[in-house]
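Fold and contact review
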Amino acid sequence: MDTVIARRWIERWDRQQEDGLSEREERFTAIVDVVQMASGRSDPLVLDVGCGPGSLGVRLLARLPDAAVVGIDADPVTLALGRAAYGEKITFVDADLRAPNWPSLLPVDRPADAAVSTTALHWLTEDGLRAFYRALAAVLRPGGVFLNGDHLREDPATGPELARLGRALNDLEDRRRFPDGHAETWIGWWDAVAADPELGPLASMRATLSVGADHGPSGASLLSAHVTALRAAGFAEVGTLWQHGANRLLCAIR
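In this report, we go over the structure that sits alongside the text.

Rules of the game
Residues numbered from 1 in each chain as written. Predicted model: local features only at pLDDT ≥ 70, side-chain atom pairs only at ≥ 80, totals over all residues. Heavy atoms only, no water. Helix = DSSP H or I, 4+ residues; strand = E, 2+ residues; numbered from the N terminus. Buried < 20%, exposed > 50% of the residue type's maximum accessible area, 1.4 Å probe, protein only. Contact = heavy atoms within 4.5 Å. Areas by Shrake-Rupley, 256 points an atom, 1.4 Å probe, with all protein chains shown as cover. Lys, Arg positive; Asp, Glu negative; His and termini not counted. Charge placed at Lys NZ, Arg CZ, Asp CG, Glu CD. Axes fitted to C-alpha atoms, helices over the stretch in contact; angles between N-to-C directions. Parallel < 35°, antiparallel > 145°, perpendicular 65-115°, else oblique. Left-handed = near helix turned anticlockwise from the far one by under 90°. Nonpolar A, V, L, I, M, F, W, Y, C, P; charged D, E, K, R; others polar. Pairing = 2+ DSSP bridges. Salt bridge = Lys/Arg side-chain N within 4 Å of Asp/Glu carboxyl O. Core = buried A, V, L, I, M, F, W, Y, C linked by side-chain atoms within 4.5 Å. Phe/Tyr/Trp six-rings, centres within 6.5 Å; stacked < 30°, edge-to-face > 60°. Right-handed = clockwise from strand over helix to strand, strands pointing away.

**Digging into the overall build of the chain**
- For the chain, the count of helices and strands is 9 helices and 7 strands.
- Expressed along its principal axes, the backbone C-alpha trace of the chain runs to roughly 50 × 50 × 35 Å.
- Taking all 254 residues of the chain together, the buried fraction comes to 49%.
- For the chain, restricting intrachain contacts to residue pairs at least 6 apart in sequence, the fraction spanning at least 24 positions comes to 72%.
- Accessible surface for the chain amounts to roughly 11900 Å². Of this, 53% is attributable to carbon and sulfur atoms.
- For the chain, the distance from the average position of its 26 positive side-chain charges to the average position of its 35 negative side-chain charges is 3 Å.

In structure tokens, the structure reads:
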């Protein structure tokens, strides 16, 4: 794929993402800040899990140009865009985070200093989330940091009123920001991809692989599910470092 065309699609992807998440760049900045502080080195090895087309990876490299960033995803569309646009900077790995063997596919020769993820892990089931965190703990160095930026809600089973108020607050803010509705949506972006002559076949492959089959509300969108799974995987400290409503940056120390 042509680099210029790929970057145009990624710019459109970024606009679509920012339309639904006004604090996206602020959250990216917080992630890079923590990676820089926690790694304690100018050349950290960073795993970007559920990397998409590499939007977070290139922001990491803008601040830490000597870092080694490994982007991991199973989506043929976003992998093709990322490789065409940023393949000289980021190592992209085709691996399904739902599969137990994903760590064995990483082209690394040492434990990672950090792992990052944004708006991706809520795709997993709760069982898949627990298995993923166990595998992640094995590829991070002691003291390594994991950062997950996502909308992580309160559990209605243990805090029904908190969960209700959180959902209502999010809806009110969304209506204030977009009284006339959103511009291009997640579904709209993917419909455009499917209609594109070059990306259409990759979109069909994506459907065959069921990459987005689990997308939507699940137990993995609950804050408590992540905290419990991370502690069970052996992470020593787990907590929120940055937050705007349910949009938060969850940090875990290996």
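From this point, the discussion proceeds with the structure in view.
**Quick notes on the packing of helix H1 (residues 3-20) against helix H4 (residues 76-86)**
- Viewed as axis vectors pointing N to C, H1 and H4 meet at an angle of 120°, and their least axial separation amounts to 8 Å. On the basis of the axis angle, H1 is oblique to H4. Of the two elements, H1 crosses H4, and the hand of that crossing is left-handed. Across the interface between the two elements, Thr 3, Ala 6, Arg 7, Trp 9, Ile 10 and Trp 13 from H1 touch Thr 78, Leu 81, Gly 82, Ala 84, Ala 85 and Tyr 86 from H4.
- A per-class count over the contact of H1 with H4 returns 8 nonpolar, 3 polar and 1 charged.

**Overview of the sheet that holds strand E7 (residues 247-253)**
- In spatial order, the strands read E3-E2-E1-E4-E5-E7-E6; together these 7 strands make up an open sheet with mixed pairing. Since the sheet does not close on itself, it has two edges, and those belong to strand E3 (91-94) and strand E6 (237-244), each with one partner. On average, each strand axis in the sheet is inclined to that of its neighbour by 20°, with strand direction left out of account.
- Taken together, the 4 bridges between strand E2 (residues 68-73) and E3 define a ladder with parallel strand orientation. For Asp 73, the partnering residue across the bridge sits in E3 and is Asp 94.

**A short note on unusual backbone geometry**
- Even without being glycine, Thr 119 reaches a positive phi, approximately 50°.
- One can find Thr 119 in the loop between strand E4 (112-118) and helix H5 (126-139).
- On the basis of relative accessible area, Thr 119 is assigned to the partly exposed category, the value being 29%.

**Some remarks on the pattern of salt bridges**
- This structure, assessed with the given rule, holds 14 salt bridges.
- The residue Arg 41 makes a salt bridge to Asp 43 at a minimum N-O spacing of 2.8 Å.
- With a relative accessible area of 34%, Arg 41 lands in the partly exposed category.
- On the basis of relative accessible area, Asp 43 is assigned to the partly exposed category, the value being 32%.
- A salt bridge links Arg 164 to Glu 161, with the shortest nitrogen-to-oxygen separation between them at 2.7 Å. Of the two residues, Arg 164 and Glu 161 are both situated in helix H6 (residues 160-177); the distance of 3 residues between them amounts to about one turn of the helix.
- On the basis of relative accessible area, Arg 164 is assigned to the partly exposed category, the value being 41%.
- Several salt bridges share partner residues, and in doing so they unite Asp 14, Glu 18, Arg 24, Glu 25 and Arg 59 into one network.

**Here's the deal with the nonpolar core**
- One finds Val 35, Val 77, Leu 81, Val 116, Leu 147, Trp 189 and Val 193 to be the most contacted residues of the largest nonpolar core, which totals 41 residues.
- In this structure, Ala 95, Phe 132, Leu 136 and Leu 222 belong to the second largest nonpolar core, which totals 35 residues.

**Remarks on the packing of aromatic side chains**
- Taken as a whole and judged by the stated rule, the model has 10 aromatic pairs.
- Their ring planes at 70° and their centres at 6.1 Å tell us that Trp 123 and Trp 186 sit as a pair that is edge-to-face. In this pair, Trp 123 is assigned in the loop between E4 and H5 and Trp 186 in helix H7 (residues 186-195), connecting sequence segments 63 residues apart.
- Taking the centre distance of 5.4 Å and the plane angle of 70° together, the rings of Tyr 133 and Phe 146 count as edge-to-face. With a gap of 13 residues between them, Tyr 133 in helix H5 and Phe 146 in strand E5 (residues 140-151) connect regions that are remote in the sequence.
- For Tyr 133, a relative accessible area of 0% translates into the label buried.
- Exposure remark for Phe 146: the relative accessible area of 0% places this residue in the buried category.
- The rings of Trp 9, Trp 13, Trp 123, Trp 186, Trp 189 and Trp 190 are connected pair by pair, giving a single aromatic cluster.

**Regarding the pairing of E5**
- As paired strands, E4 and E5 are joined by 6 bridges and run parallel to one another. Within E5, the residue paired with Thr 118 across the bridge is Gly 149.
- Assessed by its sense of winding, the connection that carries the chain from E4 through H5 to E5 is right-handed.
- Across 7 bridges, E5 lies against E7 in antiparallel orientation. The partner of Asp 150 across the bridge, within E7, is Arg 248.

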